[in-house]
Amino acid sequence: MEENKELKASTEAKRQKKAERRDAKAARKEANKEEEKKTRPNNIVLAIMIFGVLIIMFAFAGGYNYFSKPATIEKYVKDNGIDQMYNDVPVSEHTKMKLRAEKNTLKIWLNVDEEASEEELKQYQGEEGTETLKNMGAYFLTSIKPQTRAFGGEVKIKVKKGDESINYVKMSYSDAKKFIKELEDEEEDEADDAADAGAEAEADADADASETEGE
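Residues numbered from 1 in each chain as written. Predicted model: local features only at pLDDT ≥ 70, side-chain atom pairs only at ≥ 80, totals over all residues. Heavy atoms only, no water.

Trainee: Please clarify how the overall build of the protein should be interpreted in this entry.
Mentor: Per the secondary structure count, the protein includes eight helices and five strands. The order of α-helices and β-strands along the protein, N terminus first, is α-α-α-α-α-β-β-β-α-α-β-β-α. Here the protein holds 215 residues, and 36% of them are scored as buried. Restricting to contacts in the protein with at least 6 residues of sequence separation, those with at least 24 account for 66%. (Helix = DSSP H or I, 4+ residues; strand = E, 2+ residues; numbered from the N terminus. Buried < 20%, exposed > 50% of the residue type's maximum accessible area, 1.4 Å probe, protein only. Contact = heavy atoms within 4.5 Å.)

Here's what the structure looks like:
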């Protein structure tokens, strides 16, 4: 019984600490006027990220000389053929992606064809669609920019259906890093919550078993 009480107390303490971390994070976001809502990558983003593993194949070992890196994002993209790799790449049934770079600006176009359903278009619209584009842009920018000597960088993502603009997102490198960090923190919190829920369930089961034995 004492072990069960200690386990429950430990679980409650962990909950309290996580709650305090979440409250502090919420306060920082409010002070910086950042959006609270976050979404997990959808299937399109996951497909891009899986395909994007190819980018890493072009990266040199982490210890190579800083001055051997390309001076700009544009040079890195061109030298490694990334602009050719991502030239009208299908990311879904009716959507193709194109990637280019100009100096230290990474440009991504998602071209949706006329046969796309409303359901597919909705993946790029509204708050959820904007989060999807931010996730995609942040992933590419934070993967490519560190391979260069560029002091800064940004990514612009535009979704178009024919001549109609569906959505547009622009992020600086610092914003992209912050966005990725927040996603990682959220995933860590969710993993902790799942672990705590499991520990609590086990503690309750042990307590029930002890009470049954006592009877």
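Trainee: How should the nonpolar core be read in this particular structure?
Mentor: Within soluble globular proteins, side chains that are nonpolar generally end up buried alongside one another. In this structure, Leu99, Leu106 and Phe140 are the most contacted members of the largest nonpolar core, which totals 35 residues. Among the elements that make up this core, the one with the highest residue count is helix α7 (residues 126-144) (seven residues). In this structure, Leu99 is in contact with Val77, Ile82, Asp83, Tyr86, Leu106, Lys107, Ile108 and Phe140, ignoring residues within four places of it in sequence. (Core = buried A, V, L, I, M, F, W, Y, C linked by side-chain atoms within 4.5 Å.)

Trainee: I would appreciate a short explanation of the pattern of salt bridges in the present structure.
Mentor: Any two side chains of opposite charge can pair, on the condition that their charged atoms come close. A complete count under the given rule lists six salt bridges for this structure. Lys107 is the partner of Glu102 in a salt bridge, and the nearest nitrogen-oxygen pair spans 3.0 Å. Taking the shortest distance from any N to any O, the salt bridge between Asp185 and Lys181 comes out at 2.9 Å. Of this pair, Asp185 and Lys181 both sit in helix α8 (residues 173-214), four residues apart, which is roughly one turn of the helix. Each of Glu154, Lys156 and Lys170 takes part in one network of salt bridges that share partners. (Salt bridge = Lys/Arg side-chain N within 4 Å of Asp/Glu carboxyl O.)

Trainee: Explain the packing of aromatic side chains to me, please; I cannot follow it from the model alone.
Mentor: The description of an aromatic ring pair uses the distance of the two centres, along with the angle that the planes make with each other. The final tally for this structure, using the stated rule, is two aromatic pairs. Note on Tyr86 and Phe140: the rings are 5.3 Å apart at their centroids and 90 degrees apart in plane angle, and the pair reads as edge-to-face. Here Tyr86 is found in the loop between α5 (82-85) and β1 (87-92), whereas its partner Phe140 is found in helix α7, with 54 residues between them in sequence. Here Tyr86 matches Phe140 in class, with each residue buried. Relative to Phe140, the ring of Tyr139 lies with its centre 5.4 Å away and its plane at 75 degrees, an arrangement referred to as edge-to-face. Look at Tyr139 and you get buried, because its relative accessible area is 15%. Aromatic ring contacts, followed pair by pair, group Tyr86, Tyr139 and Phe140 into a single cluster. (Phe/Tyr/Trp six-rings, centres within 6.5 Å; stacked < 30°, edge-to-face > 60°.)

Trainee: Could you clarify how one ought to interpret the sheet that holds β1 in this entry?
Mentor: Sheet strands pair via backbone hydrogen bonds, and the direction of the pair is either parallel or antiparallel. The strand order across the open sheet built from five strands is β1-β2-β3-β4-β5, with neighbouring strands paired in mixed fashion. At either margin of the open sheet sits one strand with a lone partner, and together these are β1 and β5 (164-172). Between one strand and the next, the sheet's axes are offset by a mean angle of 20 degrees, whatever the strand orientation. As judged from the four bridges shared by β1 and strand β2 (residues 95-102), these two strands associate in the antiparallel manner. Bridge assignment links Val89 to a residue of β2, and that residue is Met97. (Pairing = 2+ DSSP bridges. Axes fitted to C-alpha atoms, helices over the stretch in contact; angles between N-to-C directions.)

Trainee: Could you clarify how one ought to interpret a nonpolar patch on the surface in this entry?
Mentor: A cluster of nonpolar side chains, contributed by Tyr66, Phe67 and Phe151, occupies part of the molecular surface with about 440 Å² of accessible area. Position of Phe151 among the secondary structure elements: in the loop between α7 and β4 (154-161). Residue classification places Phe151 among the exposed residues on the basis of a relative accessible area of 81%. (Patch = residues over 30% accessible without salt bridge, like charges linked within 9 Å, V, L, I, M, F, W, Y side chains within 5 Å. Areas by Shrake-Rupley, 256 points an atom, 1.4 Å probe, with all protein chains shown as cover.)

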